[in-house]
Amino acid sequence: MLSLDPLGPEWDCPLGSKDLEEEEGPWGGGSGLPPPGCFPGSWHQDVGLDCKGSLEGAEARAWTVYYYGLLQSCLQQAGLPETQDRSQVPRTGNMLLCLSPTWLTKVPALGQPGEAVLLVSKAVSFHPGGLTFLDDFVPPRRATYFLAGLGLGPGRGREAAELARDLTCPTGASAELARLLEDRLLTRRLLAQHGGVAVPATLAFTYKPPALLRGGEAGPGLRLVELSGKEDQQTLVKEEVGAFLHSGALADALQVAVKLSGWRWRGRQALRVYPRVELSTVVDTVLALLEKLEEEESVLVEAVCPPARLPFPGSPPPGPELAVRICAVVCRTQGDRPLLSKVVCSVGREDRPLRHQSSLPQTLEAALARCGLGETGQVAVVRRRVKAAAEAALAAVLALEAGLSAEQRGGRRARTDFLGVDFALTVEGRVLTPVALELNSGLCLEACGALEGLWAAQRPRSAAEDAAAAPLVETMLRRSAHCLVEGKQLLLIGAGGVSKKFVWEAARDYGLKLHLVESDPNHFASQLVHTFIHFDVTEHRRDEENARLLAELVRARGLQLDGCFSYWDDCLVLTALLCQELGLPCSPPAAMRLAKQKSCTQLHLLRCQGPPWPAPSLHAVPCCPLESEADVEKAVHQVPLPGVMKLEFGAGAVGVRLVEDAPQCHEHFSQIARDLQGEADHPGIGLGWGNAMLLMEFIEGTEHDVDLVLFGGRLLAAFVSDNGPTRLPGFTETAACMPTGLAPEQEAQLVQAAFRCCLGCGLLDGVFNVELKLTGAGPKLIEINPRMGGFYLRDWILELYGVDLLLAAAMVACGLRPALPTHPRARGHLVGVMCLVSQHLQVLSSTASRETLQALHDQGLLRLNWLEEVLVPGEYEEPYCSVACAGSSPAEARLRLLGLCQGLGIDGPHYPVAHFLSHFK
């Protein structure tokens, strides 16, 4: 992030006074010309910074050159290549940096009065490997997310604020929201009242306060005095200041600071610090500042938090006491939940001001060690308290914003996506406590970037050194994706069952217009879509004919489709054929057929010997298709036993069985041929394709799911989960854990094996679920499900990584490349078990009833996914529901889940949950 005003105001404080909060206003804009020769370094100056059709004046041009030099200086210090001028041959990129307001244009949005579309004509684009390019876009590109440096003063801050207002695309900040955050009195009241965050004791004199500050309690340690005027207030001010200076709210503070509060004064004032005993001086200063007030501004008298006196091992350090300023970046993530991204600190003398951009950034561990607190456990406690306070601060801000109108926020799509929170570390009641001094828009993020720059060119970063902006970028990408799919018209083939109820709510939230093709005319989803087409899709031997008929129906109804997709096993081949008929993006029908028929998948991949190497054949497993008793007899002599028999087109592990010898093979084949002859015998598991089977070699090893997002044959994202031991001989799933507990090398082997198997079958575009076993010789393929992972997988991935596989599938179906984090970081751990009607009928009717489980889910004590609606036992069953617990570690999540299952009665001698979770230790 680049400051829009690197030139801060002069520091107007007598030496010896101190300011632990005041900062330069980086987004304010400044006026006049930038300083010459600010950035030492060597890069090309003859680059095309002018934007065609929009010329800049001399002053504006000088600032554009200045910002370009600042960017090149940052790249150079990070050891990255100089920006290449590719204006004549533009390259596309997802993340664009505009150095001049003239590179952007607002045009009225059609059909959306009062809103505008933001167009980009020129930008610096960013690419993997640290490459940057200066690009012109003809025609201009439409922005799908906008984050601007803001300010209301002269210069570019004001222009950025105008560009950000009332856009059709999501914006991560606005001048209106920034005004609220920069009002120190408002934010302190908000944090104290609603966030439970410690703030300095403060006395505020407000003149015609904003509506958000009127009425109600001020909050712990805060007192608000509303003034009817700015003059003749001597008596009131003296009484209030005297009472405040002698109150217990100041605790151990020996000094107070007097300052102005309000957007106009952000970073543009002299700080005045006085001993607490100097009543008359404080009163005189307050009265002098009252004369400068305008409406909705305040004069604050606040405690200067004494720095924590940390016990230093051995002899005390020489010199003055040291103070620590803690700066935290917290981001809004999936579900509007705050997440602490990074903490950075500065250390300085107690009697000198600690300020952003004029102090060296350090890690929390290094900063506390300098002040005498080096014990790991104590540092961890401080980190936890900072995390809790920072996340509570953003939660309070988001709650405030939720109650504001679109006009008050600066636009229907304006939100605060990240926050910087500055803390002083002090002692309250013998407890080290972070006290929130202020909220800021970008200074803390800049400080984190400066700290990350220490390692930029020397060595690769470890996981602990992930960029502070990473969660913010994920939020940008997610909100951008929402913007791209809003209003898209999608044809959905097959509605699925209760386990897919999330689809309809998600489609509404994303603004998708769904047109549903479904066999059941009474399906509940028929009332939740724009168009419902009743069509029997269960007879898959007629898929090619049905695809032509459906294409005719679509054209007859005049549907203007952007894409077509399915997440239902039964309908995947039909969907690919229909996409082919309609000219919509999808993997080829031949690839879908290959992945859908399990023996064909394995036998085809066995023939894929390469190049390139490692070839998919390394992961395939010998097998034989079975259509008759004669095939069974032949297969038992070709496939090593024990083996696994399963339906060729089956789903949900129905009909899967471990067979140890030839008689068991014949017996199971006969049983399936007798019990599962057609769709009516067990709907939704693929019997519309017939009940052919296969025999494959049984592979020893741990079982894992890999959920992939592919676009144009490129792997965009992969998520690996671990499965517990299945219940033999039927292979019913019992337990799962995410993220994987495997070593990074083994995880990478699974991801690459899944990716190579998909490519080997010709699956190039879509969201796919690949089941594998990890053996001593590497990953072996169980099967490919050429659709989004079922059961709990979409829900868990969304919860842990903030990535929605349904949204990704919808984007790929529309020909849009999902912009996903390359190495997403899990927000925790989930461990879950399945409940089965055959094992838990009594429990599910009593201690673990539907109502009880739902109530526990609503209270956040477990994570529940319903997979079936009715408690009907049967020989060929699928799981009824999944219950899971979250934790900061796999062990914590596992212990919580085990205790819950024991308490509810899910655990028992015939269903030993501890055994099912044993793989996750």
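What comes next is a walk through the structure. Since this is a predicted model, take the numbers as computed values, not measurements.

Moving on: the overall build of the protein. If you tally the helices and strands in the protein, you get 25 helices and 30 strands. Here the C-alpha atoms of the protein give a radius of gyration of 32 Å, agreeing with the 29 Å that 2.2 N^0.38 yields for 921 residues. Within the span of the protein, comprising 921 residues, buried residues form 57% of the whole. Relative to all contacts within the protein whose residues are 6 or more apart in sequence, the contacts with residues 24 or more apart total 68%. In the protein, 83 side chains carry a positive charge and 106 a negative one; their mean positions are 4 Å apart.

Another aspect to go through is helix α11 (residues 470–485). If you check α11, its first and last C-alpha atoms are 23 Å apart, about what 16 residues at 1.5 Å a residue would give, namely 22 Å. Burial of α11 is extensive: 12 of the 16 residues sit out of reach of the surface. Taken as a whole, α11 has its buried residues at P471, L472, E474, T475, M476, L477, R478, R479, S480, A481, C483 and V485. Directly beyond the C-terminal end of α11, a positive phi value near 85 degrees is found at G487.

As a further point, take the pattern of salt bridges. A side chain of one charge can pair with a side chain of the opposite charge if their charged atoms are brought near each other. With the rule as written, the count across this model stands at 33 salt bridges. Measuring nitrogen to oxygen at the nearest pair gives 2.9 Å for the salt bridge that ties R593 to E544. Pair noted here: R593 is in helix α15 (residues 589–596) and E544 is in helix α13 (residues 543–556), with a separation of 49 residues, a long-range link. Accessibility expressed as a relative area gives 34% for R593, which makes it partly exposed.

Let's shift gears to helix α8 (residues 376–402). The end-to-end C-alpha separation of α8 is 39 Å, in line with the 39 Å expected for 27 residues at 1.5 Å each. The backbone nitrogen of G377 has a side-chain oxygen 3.0 Å away, supplied by the residue at the start of α8, namely E375.

What follows covers the side chain of E733. Turning to its location among the elements, E733 is positioned in the loop between β24 (714–723) and β25 (735–738). Here E733 occupies a buried position and makes no salt bridge, while the nearest side chain of opposite charge, R787, is found at 9.7 Å. Reaching out from E733, the side chain makes a polar contact with the side chain of Y792 at a distance of 2.4 Å. Residues within four places of E733 in sequence aside, it is in contact with N723, T726, F791, Y792 and M834.

With that settled, the discussion passes to the packing of aromatic side chains. All chains considered together, the criterion is met by 9 aromatic pairs. Consider the rings of F719 and Y801, whose centres lie 4.9 Å apart with planes at 55 degrees: the pair is tilted. Here F719 is found in strand β24, whereas its partner Y801 is found in helix α20 (residues 793–801), with 82 residues between them in sequence. You can call Y801 buried: its relative accessible area is 7%. Among the aromatic residues, those joined into a ring-pair cluster are W63, Y66 and Y67. Above the ring of F137, the side-chain terminus of R141 is found at 5.3 Å from the ring centroid.

Okay, the environment of R61 next. For R61, the position within the fold is in helix α1 (residues 58–77). Owing to a relative accessible area of 27%, R61 belongs among the partly exposed residues under this scheme. Sequence separation between R61 and R850 is 789 residues; the distance between their C-alpha atoms is 66 Å. Those residues within four positions of R61 in sequence are excluded, and the remaining contacts are L49, D50 and E56.

Quick look at the pairing of strand β26 (residues 766–775) now. Along β26, 10 of the 10 residues are buried, which leaves the element largely enclosed by surrounding structure. Going residue by residue along β26, you find G766, F768, V770, L772 and L774 tucked away on one face and V767, N769, E771, K773 and T775 tucked away on the opposite face as well. Pairing geometry for strand β23 (residues 702–711) and β26, over 9 bridges, is antiparallel. Among the inter-strand pairings, H704 is bridged to a residue of β26, identified as L772. Here β26 pairs with strand β27 (residues 778–785) via 7 bridges, running antiparallel. Each bridged residue has a counterpart across the sheet, and for T775 the counterpart in β27 is G778.

What follows deals with the sheet that holds β25. Strand order in the open sheet made by the 8 strands is β27-β26-β23-β24-β25-β28-β30-β29, with antiparallel pairing throughout. Two strands bound the open sheet, and with one partner strand each, they are β27 and β29 (863–866). Going across the sheet, the axis of each strand differs from the next one's by a mean of 25 degrees, ignoring polarity. Here β23 pairs with β24 via 9 bridges, running antiparallel. For V706, the partnering residue across the bridge sits in β24 and is V720.

What follows concerns the nonpolar core. Counting 81 residues, the largest nonpolar core has W504, L514, L853, V883, I906 and L917 as the members making the most contacts within it. The contacts of L853, once residues within four sequence positions are left out, are L844, A848, L862, L864, W866, C881, V883 and L904. Judged by nonpolar contacts, the second largest core, of 51 residues, contains L594, L708, A753 and C757.

Spatial ordering of the open sheet is given by β19-β22-β20-β21, a layout of 4 strands whose pairing is antiparallel. If you trace the sheet from one side to the other, it starts and ends with β19 (623–626) and β21 (657–659), each paired once. Sheet twist, expressed as the mean angle between neighbouring strand axes with direction ignored, is 25 degrees. Where β19 meets strand β22 (residues 693–697), 4 bridges bridge the pair, whose relative direction is antiparallel. Within β22, the residue paired with C623 across the bridge is M696. Most of the contacts of helix α16 (residues 598–606) go to β19, to which it runs at about 145 degrees, and overall it touches β19, β20 (643–647) and β22. Each of β19, β20, β21 and β22 is contacted by helix α18 (residues 662–675), which is oriented at about 150 degrees to β21, the strand it contacts most.

Two numbers describe how α15 lies on α16: the axes approach to 5 Å, and their chain directions differ by 105 degrees. Our classification of the angle between α15 and α16 gives roughly perpendicular. Residues L594, A595 and K596 of α15 touch α16, and the partners they reach there are K598, C600, T601 and H604. The residue inventory of the contact of α15 with α16, partitioned by class, reads 3 nonpolar, 2 polar and 2 charged.

Below, the discussion takes up the state of the cysteines. Following the criterion strictly, the structure yields 0 disulfides and no others. Of all cysteine sulfurs in the structure, the one in C51 sits closest to C98, which takes part in no disulfide; the separation is 8.8 Å. The class of C98 is partly exposed, set by a relative accessible area of 25%. Here C737 stays free of any disulfide, with the sulfur of C885 as its closest cysteine sulfur at 12 Å.

The subject of this paragraph is the environment of E892. Relative to the elements of secondary structure, E892 occurs in helix α24 (residues 890–904). C-alpha separation for the pair E892 and A251, spaced 641 residues apart in sequence, amounts to 39 Å.

Rules used in this analysis
Residues numbered from 1 in each chain as written. Predicted model: local features only at pLDDT ≥ 70, side-chain atom pairs only at ≥ 80, totals over all residues. Heavy atoms only, no water. Helix = DSSP H or I, 4+ residues; strand = E, 2+ residues; numbered from the N terminus. Rg over C-alpha atoms; globule rule 2.2 N^0.38 Å. Buried < 20%, exposed > 50% of the residue type's maximum accessible area, 1.4 Å probe, protein only. Contact = heavy atoms within 4.5 Å. Lys, Arg positive; Asp, Glu negative; His and termini not counted. Charge placed at Lys NZ, Arg CZ, Asp CG, Glu CD. Expected span 1.5 Å × (residues − 1). Salt bridge = Lys/Arg side-chain N within 4 Å of Asp/Glu carboxyl O. Polar contact = N/O pair within 3.5 Å; in protein donor to acceptor, adjacent residues only side chain to side chain. Phe/Tyr/Trp six-rings, centres within 6.5 Å; stacked < 30°, edge-to-face > 60°. Lys NZ or Arg CZ within 6 Å of the ring centre and 35° of its normal. Pairing = 2+ DSSP bridges. Axes fitted to C-alpha atoms, helices over the stretch in contact; angles between N-to-C directions. Core = buried A, V, L, I, M, F, W, Y, C linked by side-chain atoms within 4.5 Å. Parallel < 35°, antiparallel > 145°, perpendicular 65-115°, else oblique. Nonpolar A, V, L, I, M, F, W, Y, C, P; charged D, E, K, R; others polar. Disulfide = S-S within 2.5 Å.

Keep in mind these numbers describe shape, not what the thing actually does.
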